Amino acid sequence: MISETLRLFGTFCSYRLSFQIYNLLRQTLLIALVVALVLVSTNVKSDELVVLEPTGNAELDEFLRNSLTLPLLLTQPDLSKKELSFEIAAEGIKLKRLLNTRGYLSARVEVEGSGTAEDPLRFQPKLGKLCKIGWIKIEGIQTQVSQELAQSLRSLIVTQTGQIATSETLDKLRDGVRSKLRDASFGKASVLFPELIIEPVTRTVGVRITVQSGEPVTLGQTFFHGSFRMNDADLASLIPFNPGEAYSPELIKALQSSLENANLFRSVRITLGDKPNETGVTDIFVKLTDKPLDIVELARNSSFGTQLIILTMLMIIVMESVRTTPFWSNTLLRRTLQLVSFSMIGATVPVIIARLMSFLP
């Protein structure tokens, strides 16, 4: 009876063990199948879903290819071409604008395909011809400009006319106009982004630049704030110009250099008043941040300060070591160690504070 019971028990255990092994194998196979499906689904390369037709310019092709973002969306299986129609159109517009920045102002981009591995999306850039700047017109200067400024602007126009109308060329033209206006005392001048007018017959582009120059700026009073070391009279002696002089960036740079060369300030920030008064006079505001008062003394005593900090730390270590020994019960020794340690800590604190202050703005 006992042997029969043991046999049945063994058979039951073997069955349970076999069932558990079966379940384990089944789960393992399911996991492997899922992983394989994921690998297969992600094995579709993005460059198989979106194709950029060559333009004939290897550098330009690489530039456009590195700008593509649509392949990242097409690798998601739950998104169809219809659902991504807006993104596809936006990608074409982006490529067109990138071509515009390289001087292909009449470029267009055509799109074909369904966005699958069998029928990938094909972006076909149509470059057209490179556009050169045919003419430049500056508008918006309300006041009579000097002969020197007019000649300077004409020289800039002559230099830039005939250049390929890339974004870099247009930015250089815009910055050049603003710089020349400010050099001619139009301190608040601003230049809007150029308007481009394509001339398809001549394959050139006209550039219309709108300027908001305002009135010529005359320098008024200079106001200082933030310094606790120098009074206004001492600071005024560092100003390299007089009120009433015409504004120029060189004068502002000279004031900046004069204050920095005094070696008294950690930072110097100069700004013009938001708006000149009715006579074109604008005040100057200078924000100063002093260097620490003892920065020179601190530099001179930096070696001593470092030694004092080290000795103080060693003294504290010695006192704490003695505290754990029977010698600490000696009143004279204990009070001597405490007195020396506290004295050294008191001498070290000002050094540490001074060093910290030297790093504060």
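Located above this text is the structure these notes cover.
Every chain is numbered independently, its residues counted from 1 as its sequence is written. This being a predicted model, a pLDDT of at least 70 is required before a residue's local features are given, and a value of 80 or more before pairs of side-chain atoms are given or counted; all residues contribute to the totals for chains, interfaces and linings. Side-chain numbers come from the whole structure's heavy atoms, not from hydrogens or water.

(A) Region of interest: unusual backbone geometry. For Arg 203, which is not glycine, the phi torsion reads 55° and is therefore positive. Looking at the secondary structure, you find Arg 203 in the loop between strand E6 (195-199) and strand E7 (204-212). Look at Asn 263: it is not a glycine, yet its phi comes out positive at around 60°. The helix count covers DSSP runs of H or I at least four residues long, the strand count covers runs of E at least two residues long, and both are numbered beginning at the N terminus. Within the secondary structure layout, Asn 263 lies in the loop between helix H9 (249-261) and strand E9 (265-272).

(B) Examining the sheet that holds strand E3 (residues 121-126) more closely. Should DSSP find at least two bridges between two strands, the strands are taken to pair. The three strands are arranged E1-E3-E2 in an open sheet whose pairing can be described as mixed. Each end of this open sheet is capped by a strand with a single partner; those strands are strand E1 (50-52) and strand E2 (108-112). Taken over all neighbouring pairs, the strand axes of this sheet differ in orientation by 20° on average, direction set aside. Where E1 lies against E3, three bridges are found, and the strand directions are parallel. Of the residues in E3, the one forming a bridge with Val 50 is Leu 121. Lines are fitted to the C-alpha atoms to define the axes, a helix being fitted only along its stretch in contact, and any angle between axes, read from their N-to-C directions, falls within 0 to 180 degrees.

(C) Just the sheet that holds strand E10 (residues 281-290), in detail. On the basis of which strands lie adjacent, the open sheet formed by three strands has the order E8-E10-E9 and mixed pairing. The sheet is open, and its two edges are formed by strand E8 (218-225) and E9, each paired on a single side. Recorded for the sheet is a direction-independent mean angle of 20° between the axes of neighbouring strands. Note: E8 against E10, six bridges, orientation parallel.

(D) Spatial organisation of the layout of surface pockets. Its volume calculated, the second largest pocket comes out at about 160 Å³. The wall of the second largest pocket is formed by Gly 220, Gln 221, Thr 222, Phe 223, Phe 224, Asp 232, Ala 236, Ile 239, Phe 241, Asn 242 and Pro 243. Of all elements in the fold, only E8 and helix H8 (232-236) reach the threshold of two or more residues within the lining of the second largest pocket. For the lining of the second largest pocket, the element with the highest residue contribution is E8, accounting for five residues. All residues other than Ala, Val, Leu, Ile, Met, Phe, Trp, Tyr, Cys, Pro, Asp, Glu, Lys and Arg, Gly among them, are scored as polar; the first ten of these are nonpolar and the last four charged. In terms of residue class, the lining of the second largest pocket is built from six nonpolar, four polar and one charged. Every definition here rests on a 1 Å grid over the protein atoms only: cavities are sets of points where a 1.4 Å probe fits but cannot get out, pockets are open sets enclosed by protein on both sides within 12 Å along at least five of seven lines, and lining residues have some atom within 4 Å of a point. Grid points are joined across faces, edges and corners, and a volume is the space filled by probe spheres set on the points.

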